[in-house]
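Chain by chain, the residues run as shown.
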Amino acid sequence: MANENAWAALEPHGERLRTQHLRALFDADPRRFDKFSFRLDDLFIDLSKEKIDAEALNALIALARETGVEARRDAMATGEAINETEGRAVLHMALRGSVPPPDGDDVQGVLDRFLGFAEDVRGGVFSGSGGAFTDVLNIGIGGSDLGPAMAARALHADIDGPRPHFVSNVDGAHFADTVARLDPRTTLVVICSKTFTTQETMANARLARAWLGTANSSQLAAVSTNLEGCAGFGIPEERVFGFWDWVGGRYSMWSAIGLSLAVAIGRDRFKAMLDGAKAMDQHFLTAPLAENLPILLGLIGIWRRNVLGYGATALIPYDQRLDRFAAHIQQVDMESNGKSVALDGMDLDHASGPVIFGEPGTNAQHSFFQLLHQGSDVIPVDFIASASPNGGDPDHHQLLLANCLAQAQALAFGRTEDETAAEMRAKGISESEVAEKTPHRTFPGDRPSTMILQHQMTPYALGRLVALFEHRVFVQGAIWGVNSFDQWGVELGKALTGPIHDALSGEDIKTDQSTQGLIGLIRGQHG
Ligand code: F6P
């Protein structure tokens, strides 16, 4: 294992802490909360409910140092081609003005142009065949969908322009159901695709062009690095917005890929979102490791995954408008660090990216939290909450937050057998029932969580939060020694789709027995 000593240095800490209940860690230190909480302005991160102590954290920081996280971060910031397998720089931070873009790439010019276009759409300067645009339809998938779609929901309170809609899936129902409520004469269609070749997006783009009817290309805009592809599709140059190969798809919501969002929330709020991300970038680039939020979150992830052996992480925002946040971070994290080969092409000898999943609280409490509290696997939780609501009933918000804190408390401290039995006895429950029910009603606790608390969900706060997670992924990828910026694992399925598609349309192909059988069944049932 590379940097064997730093990895090995974690082990005694793991041995010490694995068997220490979080209750004991809190009992031993009345200042634990103060010691393990960190902040950047109003963004507060409480790590006290993670199974760490000061020595373990120091060993983790040493691991970050010895695996060269800072050097790799600085190489990213200065535009080195750290995406080695694709020979590309990784400069999404340049989109928010945190680091310079490569010479000749006019980031500011494109930003001004697409935000200016967004304002023209919002102000009716550029309109549809039926008048001012009422709706904007984003066609894209993966990174060309998830970030802006997530942000458009998260910032619902800030939408005062045309309503944003997102079609990603090649399932025709997605397009049909979405446009059923839209008027093609007042809908702007934005085709987003870094490559402008993605099968699903191109299929949906063709549907959209046909749906627009006579308006067709005059109500189409596109965002891509493939300017020729956009022209070939019939989109006039003045409505094509470019970006660069140094922006990974899953890191592209800050580029013109955010156009639909910008149309919905306007230039100033879009810029505020960039500013929030920039604040996190500056912090990530300059804060000492021991106070650096993305570094600390990344290290906690390493601790959970490689020392404590937890294979999944739940991401639970107590914010209904963040109902697509886990989906976006899933792509950022799992497509980046779901790798088992190191940068040098050798197999990794340690676990890498965990499964990330999540839903907003309190809904998640009524679905999978049972497993989080009492299941046979421990799944650490990242909670996200805002102290102040952004609209909605303020009393509801207090109830929402109370639930959030209660869940973190229950996970960490649980309820012992004695406490469970005592509670039942206090309610007058018979001794036989107490004996029978106690094992089922006991909570083991000792289940770690991180609490991320901010003042309020605003465009600035959202930008800062997403950048925090982007950088966490970077830190973990650097420590694991993988390339977090390629995604070869999506290739094979794409390549196999073509012949199977042909077979479903009647061609004979040679394939495996199971696929052949299923093709036959589908052909037989195709109506
Ligand atoms: O499926 C993989 C992927 O390449 C993602 O990384 C990317 O975000 C998505 O497809 C969409 O790609 P494009 O923006 O080129 O259409």
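The structure displayed is predicted, hence computed values, not measured ones.

Thresholds applied
Residues numbered from 1 in each chain as written. Predicted model: local features only at pLDDT ≥ 70, side-chain atom pairs only at ≥ 80, totals over all residues. Heavy atoms only, no water. Salt bridge = Lys/Arg side-chain N within 4 Å of Asp/Glu carboxyl O. Helix = DSSP H or I, 4+ residues; strand = E, 2+ residues; numbered from the N terminus. Buried < 20%, exposed > 50% of the residue type's maximum accessible area, 1.4 Å probe, protein only. Near = heavy atom within 4 Å. Polar contact = N/O pair within 3.5 Å; in protein donor to acceptor, adjacent residues only side chain to side chain. Areas by Shrake-Rupley, 256 points an atom, 1.4 Å probe, with all protein chains shown as cover. Core = buried A, V, L, I, M, F, W, Y, C linked by side-chain atoms within 4.5 Å. Contact = heavy atoms within 4.5 Å. Axes fitted to C-alpha atoms, helices over the stretch in contact; angles between N-to-C directions. Parallel < 35°, antiparallel > 145°, perpendicular 65-115°, else oblique. Left-handed = near helix turned anticlockwise from the far one by under 90°. Phe/Tyr/Trp six-rings, centres within 6.5 Å; stacked < 30°, edge-to-face > 60°. Pairing = 2+ DSSP bridges. Right-handed = clockwise from strand over helix to strand, strands pointing away.

One pass over the full model with this rule turns up 31 salt bridges. Note that Arg96 and Asp281 form a salt bridge whose closest N and O atoms lie 2.8 Å from each other. Of the two residues, Arg96 sits in the loop between α6 (92-95) and α7 (107-123) while Asp281 sits in helix α13 (residues 267-286), which places them 185 residues apart along the sequence. Comparing Arg96 with Asp281, the two get one shared label, buried. The salt bridge involving Glu470 is made with Arg96; its shortest N-O contact spans 2.9 Å. With a gap of 374 residues between them, Glu470 in helix α20 (residues 459-480) and Arg96 in the loop between α6 and α7 connect regions that are remote in the sequence. An identical accessibility class is assigned to Glu470 and Arg96; each is buried. Each member of the salt-bridge network shares a partner with another, and the members are Glu50, Arg304, Asp333, Asp382 and Arg472.

Not every one of the 14 residues close to the ligand is listed here, only the nearest: Gly143, Ser144, Ser193, Thr195 and Thr198. At 2.7 Å, a backbone N or O of Lys194 approaches an oxygen atom of the ligand. Here the ligand has 390 Å² of accessible area as a free molecule, and 86% of this is covered by the chains.

This next bit is on the nonpolar core. Ranked by internal contacts, the top residues of the largest apolar core, which has 116 residues, are Phe114, Leu259, Phe325 and Leu462. Counting residues per element, this core draws most heavily on α20, at 12 residues. Leu259 has contacts with Phe114, Phe117, Ala118, Val190, Ala221, Val223 and Phe241, leaving out every residue within four places of it along the chain. Judged by nonpolar contacts, the second largest core, of 20 residues, contains Ile139, Val167, Val189 and Leu220.

A pair of packed helices is captured by two measures, namely the crossing angle of their axes and the spacing between those axes. Their axes nearest at 9 Å, the elements helix α1 (residues 4-18) and helix α4 (residues 54-66) cross at an angle of 160 degrees. Classified by the interaxial angle, the pair formed by α1 and α4 is roughly antiparallel. The element α1 and its partner α4 pack so that their crossing is left-handed. For the pair formed by α1 and α4, the contact residues are Ala6, Trp7, Ala9, Leu10, His13, Arg16 and Leu17 on the first element and Glu55, Ala56, Ala59, Leu60, Leu63 and Glu66 on the second.

Topologically, Asn292 is positioned in the loop between α13 and α14 (293-307). A distance of 2.9 Å separates the side chain of Asn292 from the backbone oxygen of Phe284, its partner in a polar contact. Ignoring anything within four residues of it in the chain, the contact list for Asn292 reads Arg73, His283, Phe284 and Ala287.

Using the criterion set out here, one finds 16 aromatic pairs in the structure. Here Phe196 and Phe233 contribute two aromatic rings whose centre-to-centre distance is 6.0 Å and whose plane-to-plane angle is 80 degrees, an arrangement assigned as edge-to-face. Note that Phe196 is positioned in the loop between β5 (187-192) and α10 (199-212) and Phe233 in the loop between α11 (227-232) and β7 (240-242), a separation of 37 residues in sequence. Of the residues examined, Phe196 reaches a relative accessible area of 5% and is grouped as buried.

Counting buried positions over the 5 residues of strand β3 (residues 135-139) gives 5, a clear majority of the element. The alternating pattern of β3 places Asp135, Leu137 and Ile139 and Val136 and Asn138 on opposite faces, both of which are buried. In this sheet, strand β4 (residues 163-167) lies alongside β3 in parallel orientation, the contact comprising 5 bridges. Looking at β4, one finds that Val136 is bridged to Pro164. On the question of chirality, the crossover connecting β3 to the parallel β4 by way of helix α8 (residues 146-154) is right-handed. Two strands pair when backbone bridges link them, and β3 and β5 are joined in this way by 5 bridges, in the parallel orientation. Note that in β5 the partner of Leu137 across the bridge is Val189.

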